[in-house]
Amino acid sequence: MNDTKKKPSLKPENSRRDFCKSTALVGAGMLLPGLEMSAMANVFNDKKLKLAVIGCGGRGSGAANQALKADENIELVAMADAFQDQLDKSLLNLQKEFEGTKKVNVKDAHKYVGFDAYKKAIDQADVVILATPPGFRPYHFEYAINAGKHVFMEKPVATDAPGIRKVLEMAKIAKEKKLNVVVGLQRHYQNNYLAIAEKIKQGDVGKIVSGQVYWNSGGVWVRPRQEGQTELEYQMRNWYYFNWLCGDHILEQHIHNIDVANWFIGEYPISAQGMGGRLVRTGKDHGEIFDHHFVEFTYPSGAVIASQCRHQPGTWSKVGENFQGTKGSIDMNDAGAASIIGLDGEKMFDYRNRNDPNPYQVEHDRLFASIRNNEVISDAENGAKSTMTAIMGRMATYSGKVITWEDAMASEKLLMPSELTWNSTPPSVPGPNGMYPIPTPGVTEVLS
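Source: prediction; values computed, not measured.

Cut-offs and rules
- Residues numbered from 1 in each chain as written.
- Predicted model: local features only at pLDDT ≥ 70, side-chain atom pairs only at ≥ 80, totals over all residues.
- Heavy atoms only, no water.
- Helix = DSSP H or I, 4+ residues; strand = E, 2+ residues; numbered from the N terminus.
- Buried < 20%, exposed > 50% of the residue type's maximum accessible area, 1.4 Å probe, protein only.
- Contact = heavy atoms within 4.5 Å.
- Areas by Shrake-Rupley, 256 points an atom, 1.4 Å probe, with all protein chains shown as cover.
- pLDDT = per-residue confidence, 0-100.
- Core = buried A, V, L, I, M, F, W, Y, C linked by side-chain atoms within 4.5 Å.
- Domains from an automatic or database assignment.
- Axes fitted to C-alpha atoms, helices over the stretch in contact; angles between N-to-C directions.
- Parallel < 35°, antiparallel > 145°, perpendicular 65-115°, else oblique.
- Nonpolar A, V, L, I, M, F, W, Y, C, P; charged D, E, K, R; others polar.

### Digging into the overall build of the protein
Right, on to step 1. Each helix and strand counted, the protein has 13 helices and 15 strands in total.
Right, on to step 2. Expressed as a percentage of the 448 residues in the protein, the buried residues total 56%.
Right, on to step 3. Taking the intrachain contacts of the protein between residues at least 6 apart in sequence as the baseline, contacts between residues at least 24 apart amount to 75%.
Right, on to step 4. Working note: accessible area of the protein is about 18200 Å², and carbon and sulfur atoms make up 49% of it.

### Brief notes about the confidence of the model for the protein
Right, on to step 1. Summing up the model confidence of the protein, the mean pLDDT is 91 and the portion of residues at 70 or higher is 90%.
Right, on to step 2. This stretch, residues 1-10, has a pLDDT under 50; its non-local contacts, to residues over four places away or in other chains, come to 23 contacts.

### A look at helix 5 (residues 137-146)
Right, on to step 1. For helix 5, the buried fraction is high: 7 of the 10 residues fall into the buried class.
Right, on to step 2. Within the span of helix 5, buried status applies to R137, P138, Y139, H140, F141, A144 and I145.
Right, on to step 3. Just downstream of helix 5 lies G148, where phi reads positive at about 80°.

### What to know about the environment of Q186
Right, on to step 1. Within the element layout of this structure, Q186 appears in the loop between strand 6 (181-183) and helix 7 (191-201).
Right, on to step 2. Apart from the residues within four sequence positions on either side, Q186 is in contact with H256, P359, Y360 and E363.

### Notes on the nonpolar core
Right, on to step 1. Counting residues in hydrophobic clusters, the biggest one holds 100 residues, and the most contacted among them are F141, M153 and F264.
Right, on to step 2. With 9 residues, helix 12 (residues 380-399) is the single largest residue contributor to this core.
Right, on to step 3. Structurally, this core is a two-domain feature, drawing no fewer than three residues from each of domain 1 (47-187) and domain 2 (188-410).
Right, on to step 4. If you look at the next biggest cluster of nonpolar residues, it comprises 29 residues, including C56, L68, I129 and I377.

### Examining the packing of helix 6 (residues 161-176) against helix 12
When two helices pack together, their arrangement is given by the angle between the helix axes and by the axis-to-axis distance.
Right, on to step 1. Between helix 6 and helix 12, whose axes approach to 8 Å, the crossing angle comes to 170°. In terms of axis orientation, helix 6 runs roughly antiparallel to helix 12. Note on element contacts: helix 12 touches helix 6 through A380, E381, A384, K385, T387, M388 and I391, opposite A161, I164, V167, L168, A171 and K175.
Right, on to step 2. Broken down by class, the residue content of the contact of helix 6 with helix 12 amounts to 9 nonpolar, 1 polar and 3 charged.

### Regarding unusual backbone geometry
Right, on to step 1. With an omega of -20°, the peptide bond running from K155 to P156 counts as cis.
Right, on to step 2. With respect to the helices and strands, P156 occurs in the loop between strand 5 (150-153) and helix 6.
Right, on to step 3. A positive phi angle, close to 80°, is found at D248, a residue other than glycine.
Right, on to step 4. Structurally, the position occupied by D248 is in the loop between helix 8 (231-237) and helix 9 (249-252).
Right, on to step 5. Judged by relative accessible area, which is 0%, D248 ranks as buried.

See below:
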């Protein structure tokens, strides 16, 4: 693998006008203009669409369910996963959900298991869902786009800068091929966020100068080591706690809130500095990731966003975003609420959940409608740059240093191996005491 042959621009998007123009189209669910039939790849009209799922865990299974509900004439024909038991469980649940329909038609020959399984499943399909642990995403995306497939891929889209550069390169090719790519940053398809984005576009908030974004919660699952597991299998099963697979929770979960900051400000940050560590989640079964991060992101316009995420039971929980503008302040709630408060303290705008559709479903509805209507959704570039923003934040907390966008994007530090077999040694291994190496601010090198 050569990730340095052709690198996209290392500079963040500095034009608020251009950014807002492009992201408003995606954020509002608007699509690129209809294209001539002769220019379109994979135009299906009323043809049955064949779907493949790569990664059959909870999110892959959920995305498959939503995709199958998004279009009347779609059929799941292939599945791929590293583990047979996970694939079988997912398939059984989907068969039960769609019993009596012809939407789930995965023959035994099209159930693929192993590290190369994704290629065989993608080859069977018109549309693919990429939902493995995020470290694999750049390579799976590359194969899918080169094969001419429409893609739904979960966030984040990589765990390291070489992976980001690969996704950006393939995003350009996807546009050239007129392939739809939707990334699972579903707030771009959620009505309360879209309503606030429109208010920002209209100038109601003025210039955003600061903000606070949060993913503070009690944490996620732990899958203890089982007798007879190899180190690689253990890490693959417990992927959330290993950076080559997950990228830490600032990337895996908090990317949602960081992405909203990028979207609403209309820029990507030029630098980050912060702190983090492990205070509660410190056991052998917690791999190598932190349990808290705090980052200040500085944007080209001068705006500064305070970003915090925490996995500590019994502490204050908040998942949402607040922003301060020159005309008013924004309070976002991922449960469906949003408000704008003027400088005089009076409420300027209030949005409450109006039986809004599930944004996880909407993003699939929009994907398949776009395919049917000869249109194109192009989420991959923003997905990659918001992923890079979170990676830059992780670099800042792990190192304790100021990290610039250009240095982060140019980093050659490769977390995800280019090739794996079940005989491979994972990138991180425990020491004699069973503990994994933990990043140490002031010591850990994050750029190379």
